[in-house]
Amino acid sequence: MAAADHGKIALLLAAHGERRPGAGNENVWRIARAVSECGLVSEVGAGFISGVPTIRDALERLTARKVIVYPLFASSGYFTRDRLVHLLDAADDGTRKIEMLAPLGLDPGLPDVVVACAKQAAQAHDFKPETCTVILLAHGSRRDPASRRATEHMAREVARTPAFPDVRIAFLEERPFLDEAAREISGPVIVLGLFSGEGMHGAKDAPRLTAGLGREDVVFAGVIGSAPGIDAVVARSVAAAVQRCRHE
């Protein structure tokens, strides 16, 4: 997808991707189309660690010598910090200047999207937002603290807003698990998945675990990767990066 030539700066959206049947990674392409329509860069592409096109193939399709990489990941964990960097280095022929931005989960524009999603879920279920507790459900890891750190950071940012002062965290692979976090809460609970893609964790595990609590006052608000406004979050960070490039 190409827009007007603005000094030949390209954007590569890097995501984990899905190979399971029926997974077309459509949300990533939706973001790519929306950002492309903003005309911020000359080209917009998408590449996947697990899926097609690969990171290498997506990078090779771009003609610009300057490439901004936006990682559609929830934290600066292994896939962002190590695997993606390795794949970019392996694909770089030395003729490009590649700048990788902070991942989606650490984007300063993301807390506003989280709050908006929680508000929408509260209103849809006739909950008063001020009576709700928000649980941010993330992957977590017993070996890498990046997911926990990003989740704790997001919880602090959301709790600073007047809408939802009570924000908790829960994880799939480390404590507290969702049932443990919810057990300590009385009153309405909104669970929001801090997952950036269409994988099993966000599409199946998070809603299944929420439903398994068996509480009518606990609702699942979806995952951040497909939330309304994510394309605008990405576009703002890309626009700021383009401005920096212009002044280099």
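Thresholds, definitions, all that
Residues numbered from 1 in each chain as written. Predicted model: local features only at pLDDT ≥ 70, side-chain atom pairs only at ≥ 80, totals over all residues. Heavy atoms only, no water. Helix = DSSP H or I, 4+ residues; strand = E, 2+ residues; numbered from the N terminus. Rg over C-alpha atoms; globule rule 2.2 N^0.38 Å. Buried < 20%, exposed > 50% of the residue type's maximum accessible area, 1.4 Å probe, protein only. Contact = heavy atoms within 4.5 Å. Areas by Shrake-Rupley, 256 points an atom, 1.4 Å probe, with all protein chains shown as cover. Lys, Arg positive; Asp, Glu negative; His and termini not counted. Charge placed at Lys NZ, Arg CZ, Asp CG, Glu CD. Pairing = 2+ DSSP bridges. Axes fitted to C-alpha atoms, helices over the stretch in contact; angles between N-to-C directions.

## Considering the overall build of the protein chain
A tally of regular secondary structure across the protein chain gives eight helices and eight strands. Whereas a compact globule of 248 residues would reach a radius of gyration of roughly 18 Å, the protein chain reaches 19 Å, a difference of no more than 12%. When its C-alpha atoms are laid out on the principal axes, the protein chain stretches across 55 × 30 × 30 Å. In the protein chain, which comprises 248 residues, the share counted as buried stands at 52%. Restricting the contact set of the protein chain to residue pairs at least 6 apart, pairs at least 24 apart contribute 80%. Of the accessible surface of the protein chain, which amounts to about 11500 Å², a share of 52% is contributed by carbon and sulfur atoms. Looking at charge distribution, the protein chain has the averaged site of its 30 positive side-chain charges lying 2 Å from that of its 31 negative ones.

## Examining the environment of Leu12
Along the polypeptide, Leu12 turns up in strand S1 (residues 9-15). Under the relative-accessibility criterion, Leu12 is labelled buried at 0%. When the C-alpha atoms of Leu12 and Leu59 are compared, they prove to be 7.2 Å apart, with 47 residues separating the residues in sequence. With sequence-adjacent residues up to four places away left out, Leu12 is seen in contact with Gly45, Ala46, Gly47, Ala58, Leu59, Leu62, Val67, Ile68, Val69, Tyr70 and Leu88.

## Describing the environment of Val234
Looking at where Val234 falls in the secondary structure, it is placed in helix H8 (residues 230-246). For Val234, a relative accessible area of 0% translates into the label buried. C-alpha of Val234 to C-alpha of Leu104: the two residues are 130 residues apart in sequence and 7.6 Å apart in space. Once residues within four sequence positions are removed from consideration, Val234 is found in contact with Leu13, Ile31, Val35, Tyr70 and Leu72.

## Remarks on the sheet that holds S1
Reading across from one edge, S2-S1-S3-S4 is the order of the four strands in this open sheet, with parallel pairing throughout. Sheet topology places strand S2 (43-48) and strand S4 (97-100) at the edges, where each strand pairs with a single neighbour. Direction aside, neighbouring strands of the sheet carry axes that sit 25° apart on average. Strand direction decides the pairing type here: S1 and S2, joined by six bridges, are parallel. Among the inter-strand pairings, Leu13 is bridged to a residue of S2, identified as Ala46. Packing against the sheet, helix H1 (residues 26-37) makes contact with S1 and S2, and its axis sits at approximately 165° to S2.

Purely spatial values, then, with no claim about function.
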